[in-house]
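# Structure assessment
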2 protein chains.
Amino acid sequence: MNFGTVAILGPGLIGGSLALALNERGLTDKLVIWARNENSFSAIRKKLPHVTLTTDIIEAVRDADIVVLCVPIETMKGLVEKFADSLKSSEVLVTDVGSVKESVDNAIAPLLKDKALWMGSHPMAGSEKSGFSAARADLFTKATVIVTPPNTSQISEQIFCRLRDFWQSVGGSVAWIEPDPHDIAVAEISHVPHLLAAFMAATLTDEGKEFVGKGFLDTTRIASGSPELWKEILWDNRSAVAAHLTKLINLSLQTQEWLKNTEPEKAKSEIYKLLKKAKDKRTQLITSISNL
Amino acid sequence: MNFGTVAILGPGLIGGSLALALNERGLTDKLVIWARNENSFSAIRKKLPHVTLTTDIIEAVRDADIVVLCVPIETMKGLVEKFADSLKSSEVLVTDVGSVKESVDNAIAPLLKDKALWMGSHPMAGSEKSGFSAARADLFTKATVIVTPPNTSQISEQIFCRLRDFWQSVGGSVAWIEPDPHDIAVAEISHVPHLLAAFMAATLTDEGKEFVGKGFLDTTRIASGSPELWKEILWDNRSAVAAHLTKLINLSLQTQEWLKNTEPEKAKSEIYKLLKKAKDKRTQLITSISNL
């Protein structure tokens, strides 16, 4: 497998890890990394001596067969506007690694129409650390990478298969869903869990702190993610996040009602049903993951 | 260190693990395990051939120097009433392993007044598994065990030191706090996190399930705990749990307001502050734990 010239725009955790993975596996003829400024260049050069580093976006994409947007979501549109007319052909594959897809798709697809082949990606790989210093070649190993065709009943095979091969070749396991249901699903399994973890960590008192155990540490682990990055993710997916939060607020209010019930057995039976449902769903989840 | 005759009432995960730990470290002259029925006896005998097994509560406590209540909280009072007059002296140390302390202390302290030395314990050790089959001798290794003197400004050294030695000798790290603030602290770091993990697992949809990653699995891990056990824990600590839930509901509502804000930069700055506070608190927490 060889993807020709690959341009990675943004050498953060995801972009940097992608560069390391492509390089380690020898999957490119040429690897280009673009960054806004040269701050990270010496660190990158130590690990990737043969990569082309540039702050010139046109130079970065000019020869590319694949362009991967690894910049913050709110800067993607401006960046694509700058280089859309400088791609070498309309066969160039452009994708991104943003964790929200509907707004990205709406912003990018029209800009690249007839100028490139576009399909969004969301690698579900991360770490509570950020930046190139946290990048590692095995970040995508066994990670799910969600690819978001605009219409799953009419998937463009030409685009989808290249993108699938690309992510699989760096170790990812590829799944696909349309952009809008993608955003609802990730609100549920990633963005709202992040918020709840943050709520729990933020409200920790000095008394509570004394007695923290493994449970609290696990439950709040993701709250150590980058606040800069996560404020953008939560904002970009705000409508799905707010909607899922409503579900959890309602469950909290319902639970408070149960806890105020004057009939202990009835209250405990309702709480039991909720906990049992949660445990069963999680057990099924673990089983289905181990069966993969 | 030798604690003489130790009676463990209830051979579940905690009671079973305590028996295995005391046995493995040779800390008793005699180890007695009481259970409601004989169902678990053959399993226990395989791992602890020299232990005395009985379903007779009077026989269980008659020779004991230390009695440890490892039964569900709502059955503790009834059990203590049965054996309070059968202890060999008022120097016998009685403790429990319940995860809620104010109600236990209120129920048990009066029953044992002048009949035994009483102080509650809460070993912060557990597992998503339950029952004797999940018990292990190293369950308390490096676990925090909270001991709850009724008044920390007048701690009974005689009771506290024996109880501290007891838990330390099975590997625990002992902390202390009064029963009421204990319940508030554990609502915050254990009971409410359990509920939130359950809410997230219970509301998981089929679409979300497809894309679950390590973050969701960690955040919901504790939701795999025993619903039978946890419905009791949540009920027993209902007032502190409901109060802490209110804090988190308010944070959720506040976050929804931010996500609806028409000034993105202002909204993101508020979300950033919350996430930053959470991350910083968690970092301090990790640092203080590693420094122990």
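Everything below is about the structure printed above this text.
For the structure given in this document, a descriptive report is provided here. (Residues numbered from 1 in each chain as written. Chains lettered and ligands numbered in written order. Predicted model: local features only at pLDDT ≥ 70, side-chain atom pairs only at ≥ 80, totals over all residues. Heavy atoms only, no water.)

Glancing now at the overall build of chain A. A count of helical and extended segments in chain A gives 12 helices and nine strands. For the C-alpha atoms alone, the extent of chain A along its principal axes is close to 70 × 45 × 35 Å. Among the 292 residues that make up chain A, the fraction classed as buried is 58%. Put simply, of all contacts in chain A between residues at least 6 apart along the chain, 73% involve residues at least 24 apart. Element-wise, carbon and sulfur atoms account for 49% of the exposed surface of chain A, whose accessible area totals about 12300 Å². Positive and negative charge centroids in chain A, built from 33 and 35 side chains respectively, lie 4 Å apart. (Helix = DSSP H or I, 4+ residues; strand = E, 2+ residues; numbered from the N terminus. Buried < 20%, exposed > 50% of the residue type's maximum accessible area, 1.4 Å probe, protein only. Contact = heavy atoms within 4.5 Å. Areas by Shrake-Rupley, 256 points an atom, 1.4 Å probe, with all protein chains shown as cover. Lys, Arg positive; Asp, Glu negative; His and termini not counted. Charge placed at Lys NZ, Arg CZ, Asp CG, Glu CD.)

Let's shift gears to the packing of aromatic side chains. In this structure the tally under the stated criterion is eight aromatic pairs over all chains. With a centroid separation of 5.2 Å and 80° between ring planes, the pair formed by Phe3(B) and Phe166(B) is classed as edge-to-face. Here Phe3(B), found in the segment before β1 (5–9), pairs with Phe166(B), found in helix α6 (residues 157–169); they are 163 residues apart in sequence, far enough to count as distant. According to the relative accessible area criterion, Phe3(B) is buried, its value standing at 10%. An angle of 75° between the planes, with centres 5.1 Å apart, marks the rings of Phe160(B) and Trp176(B) as edge-to-face. Here Phe160(B), found in helix α6, pairs with Trp176(B), found in strand β9 (residues 173–176); they are 16 residues apart in sequence, far enough to count as distant. With a relative accessible area of 6%, Phe160(B) lands in the buried category. Since its relative accessible area comes to 44%, Trp176(B) is described here as partly exposed. One aromatic cluster is present, built from ring pairs that chain together Phe3(A), Phe140(A), Phe166(A) and Trp167(A). Here Arg238(A) stacks its cationic end above the ring of Trp235(A), 4.1 Å away from the centre of that ring. (Phe/Tyr/Trp six-rings, centres within 6.5 Å; stacked < 30°, edge-to-face > 60°. Lys NZ or Arg CZ within 6 Å of the ring centre and 35° of its normal.)

So, on to unusual backbone geometry. Unusually for a residue other than glycine, Lys142(A) sits at a positive phi of about 65°. Overall, Lys142(A) belongs to the exposed group, its relative accessible area being 75%. One non-glycine residue, Asp114(B), adopts positive backbone phi at about 65°. For Asp114(B), a relative accessible area of 67% puts it in the exposed group.

The quantities given are spatial measurements derived from coordinates; they are silent on function.
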